[in-house]
Structure formats: structure tokens, C-alpha cells
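One-letter residues, chain by chain:
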Amino acid sequence: MVKLSSRMEKIEGDHAANRIFYLAVPQEALLDVALSLADRAQTKRGWNRVIIEKPFGFDEYSSYRLTQTLLSKFQENQIYRIDHLLGKDLIENITVLRFSNLVFEPLWSRTYIRNVQVIFSEECGIEARGRYFGHYGIIRDIVHSHILQTIALFAMEQPVSLDGEDIRNEKAKVLRSIRKLDLEDVVLGQLKESSDKADNYMNSLAPTFFAAAMYIDNARWDGVPFLIKTGMGLIKHRVEIRIQFRHVPGILYRERFGYNLDLDTNELILRDQPEEAILLKVNNKVPGLGLQLDASELNLLYRDKYNVEVPDSYEHLLLDVIDGDNHLFMRSDELAAAWNILTPTIREINENKIAPELYELGGRGPVGAYYLGAKHGVRWADD
């Protein structure tokens, strides 16, 4: 680090200079690198910022130790915990859609929303993620950061401004309000993987699929199930947030819909994959004689509307680091609140050696996820 600092000083010359350190290192080496950097490589002629890759610890206790050690050398506003999945336009658009459109904000509560589904599925098998994924698992890799941050941004109250700290304050409130997971509301799955290489990376109980029902115990969201589903080796790469609204009370057209009203529920879909889009599912009359109803989608396809190159997620987030915009990066209290939700479940899974349900490559995942949805009155919106 002394040599690095000396080299940087030669490049910087006599000018004022800022430094960003991207620590793309294993968790086991993180503190050694960070502490040495803090003591020997920080500039005194500008600001210093440190980017840290997930996972941010292995559980509540290890994360707390990691955080306290980092805060002994760095200020909170110097630490940027990066998750590239949070750099997608879908995530940024959650708050834009809600807080800049009068038509949505009045509907954004338990009064009108029946359930929310957060789905992140990948087609690839475990080989693509290799040793990293086999060691940390899908809960630490995807759920702890990406899924919970998505829920926090979706469910938070309007911040007093777009300042990063104001947004983080509201996210932290949501995370502290999320009920601790009940293992009865969790489904674990494991991909039937034929690759010897992949099997070497995984222990026999490492889940590659996770589904759960979460609840936010506050006035806005009391009783609304947030169903999350994430997995690898599924039928398609799919990243979306799906909001299903309540049925119209005293509906006049019940006979036209048939017995299954779920098929005709209004939905708002924010989709990143397979193609970026905002979709609104509404019921309308089919043209012609008679009265036949149909569920149709009003769609905004980004590729049709915007002829622009979409920047990579890392480009977006690295620019935010340069600008000092930290609203898409987890603060220490958010980190602790997220671990507080998941750690009891992780501990119970490990102590009881709970075996995940096996599922086929290219399928829809474990059958248990559908039983979970039925238990909470939610129909998964699978294609």
C-alpha cells in the first residue's frame, strides 16, 4: 500500500486529488486489505472512498464485526457497499414511477395492493458462479442485498429529498419493520446439476433456489404478503416486480370473469428482463357484439420508446461513487437490519441440516414454491 500511494502521488503531482479504492477481494482478505489501505494509501489532498463487494459478512455477528472494524478506520460516508443488481434502471424507476405520478401514489398501500412479487431468476447453472456461489449461497448472495433493498425502495415512505441519506433513512425504517422470517414460509431448492465441476463447488445442502413470504409490520403494508423468488437454472432469465391489486368490490362483471377472478386481477409489472418494460394489466371489452371481457396489457417497451444505449449497472454505480450519491448503497444500519431478518433462518437451516427440494435444469423450480403462494393467497404470475 505504501508503494501504491507513492505511485499515485507521482501521477497526481502537485494537484488536489481524490481516490477511490475498489476492493474486489475475497471476504477473508477484506479487512487486511482495507486496514492497510486506510493507514498507508489514503490521500490527504482530497476525499477517499472505498467500494466493497458483497456479501457483507456471513451472518449478523460477522457482519457487525466487519462493520465496526471498517468504521474504526473510515467514516460511514466513505464506505460504498456495491451490488451491481441495484444499478439497473428498474431499481431507479421504482421511486420515479411512484413519487412523480399522481395516479400511483394513492394506490401504494394495503388498501389497494393485494400482494407484491419480487422475482429474480437466471437460466444459467451453477458453473457460471462457481466457487463464490457455492461458498456463500443464494441467501447471502441475492436475498440479503438485492431482494431486501428492492423491497425497501418499493415500500418506503416518501423521503424529504433525493439526498442519499434521506433515502437511506426511509429504507432503514422499512427493513426494521420487516417481520423475521418463519421457516414455514421459506422454500429451499437445489438444482439437479450433472456437472462434476459444479458439484465440487457446492456442498450437498447448498440452495440454488429460495422463495419466501415476507411481511412489513407497519401501517401502510400490514397484512400484505411480499413474495420473493430467486433461483438459478430456471426456465428463463427474469427480473421483475409484480404488483397485484385487490379485486373490485361488488364487481358488476363477475359472471363475465368466471370463477377464477385471479386471472383478471389488475397488475402493474416493472420488468428488467427478458426486456425492459412497464406493463399495466387492465380489463376491457372485446370489440364487437355482445359483452365479452378480456385482460390486456398497456405496455411501455423501452426498446420501442427509447433509442439509447443502456449503460452497464457497474457504470451507473461507479458514477454514483464519483458523485458521492450513496442512495443505492447499503448503510451500516441497513446492513444490520437485513441480517436481523435473515440470520435466524440461516442458523435454523444450518443447525437442522434442512435439505432443499431438488428441481430440474430449465424448469420452474421447486413445487413447494407454489404451495407457499397458495398458503398466502398468492398466485405466482408465471408465464
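As the structure is a prediction and not an experimental result, all values here were calculated from the model.

Some thoughts on the UniProt feature "domain: Glucose-6-phosphate dehydrogenase NAD-binding" (unreviewed entry) in the protein chain
Sequence positions flagged by UniProt for "domain: Glucose-6-phosphate dehydrogenase NAD-binding" (unreviewed entry) are, in local numbering, residues 3-93. As annotated, residues 3-93 has a helix share of 45% and a strand share of 16%, and its two end C-alpha atoms lie 43 Å apart.

Considerations on the sheet that holds strand β1 (residues 19-23)
Sheets are built from strands that pair by backbone hydrogen bonding, the pairs being arranged parallel or antiparallel. Across the sheet, three strands lie side by side as β1-β2-β3; this open sheet has parallel pairing. A single partner strand is all that each edge strand has here, and the edge strands are β1 and β3 (79-82). In this sheet, adjacent strand axes meet at a mean angle of 20 degrees when their direction is disregarded. Bridge analysis of strand β2 (residues 48-53) against β3 gives four bridges, and the strand direction is parallel. Note on β3: the bridge partner recorded for valine 50 is isoleucine 79.

Things to note about the nonpolar core
Phe154, Phe210, Met214 and Phe226 are the most contacted members of the largest nonpolar core, which has 78 residues in total. A total of 11 residues in this core trace back to one element, the largest contributor, which is helix α5 (residues 130-155). Of the residues that make up this core, three or more belong to each of domain 1 (1-82) and domain 2 (87-311 + 331-376). Apart from the residues within four sequence positions on either side, phenylalanine 154 is in contact with Ile94, Arg98, Trp108, Ile113, Val116, Trp221, Phe226, Ile241 and Ile243.

Quick notes on a nonpolar patch on the surface
A cluster of nonpolar side chains, Ile20, Leu319 and Ile322, forms an exposed patch at the surface whose accessible area comes to about 250 Å². Tracing the sequence through the fold places leucine 319 in helix α10 (residues 313-323). You can call leucine 319 partly exposed: its relative accessible area is 46%.

Some points on the sheet that holds strand β11 (residues 293-301)
Taking strand neighbours across the sheet as the criterion, the nine strands line up as β11-β10-β9-β8-β4-β7-β6-β5-β12 in an open arrangement whose pairing is mixed. Each edge of the open sheet carries a strand with a single partner, namely β11 and β12 (357-359). Direction aside, neighbouring strands of the sheet carry axes that sit 20 degrees apart on average. Taken together, the six bridges between strand β8 (residues 238-245) and strand β9 (residues 267-273) define a ladder with antiparallel strand orientation. In the sheet register, glutamate 240 faces β9, and the bridge partner there is arginine 271.

A word on helix α11 (residues 332-351)
Its 20 residues place the ends of α11 27 Å apart at the C-alpha level, agreeing with the 28 Å of an ideal helix rising 1.5 Å per residue. The largest bend along α11 reaches roughly 40 degrees and is located at leucine 342, with the proline proline 344 sitting one to four residues downstream. Buried within α11 are the following residues: Ser332, Glu334, Leu335, Ala337, Ala338, Trp339, Ile341, Leu342, Thr343, Thr345, Ile346 and Ile349. Of the residues flanking the end of α11, it is lysine 353, one or two places downstream, whose phi is positive at about 50 degrees.

Conventions adopted
- Residues numbered from 1 in each chain as written.
- Predicted model: local features only at pLDDT ≥ 70, side-chain atom pairs only at ≥ 80, totals over all residues.
- Heavy atoms only, no water.
- UniProt positions renumbered as here; feature names shortened; annotations may be inferred.
- Helix = DSSP H or I, 4+ residues; strand = E, 2+ residues; numbered from the N terminus.
- Pairing = 2+ DSSP bridges.
- Axes fitted to C-alpha atoms, helices over the stretch in contact; angles between N-to-C directions.
- Core = buried A, V, L, I, M, F, W, Y, C linked by side-chain atoms within 4.5 Å.
- Buried < 20%, exposed > 50% of the residue type's maximum accessible area, 1.4 Å probe, protein only.
- Domains from an automatic or database assignment.
- Contact = heavy atoms within 4.5 Å.
- Patch = residues over 30% accessible without salt bridge, like charges linked within 9 Å, V, L, I, M, F, W, Y side chains within 5 Å.
- Areas by Shrake-Rupley, 256 points an atom, 1.4 Å probe, with all protein chains shown as cover.
- Salt bridge = Lys/Arg side-chain N within 4 Å of Asp/Glu carboxyl O.
- Expected span 1.5 Å × (residues − 1).
- Bend = angle between axes of the 7 residues up to and from the residue.

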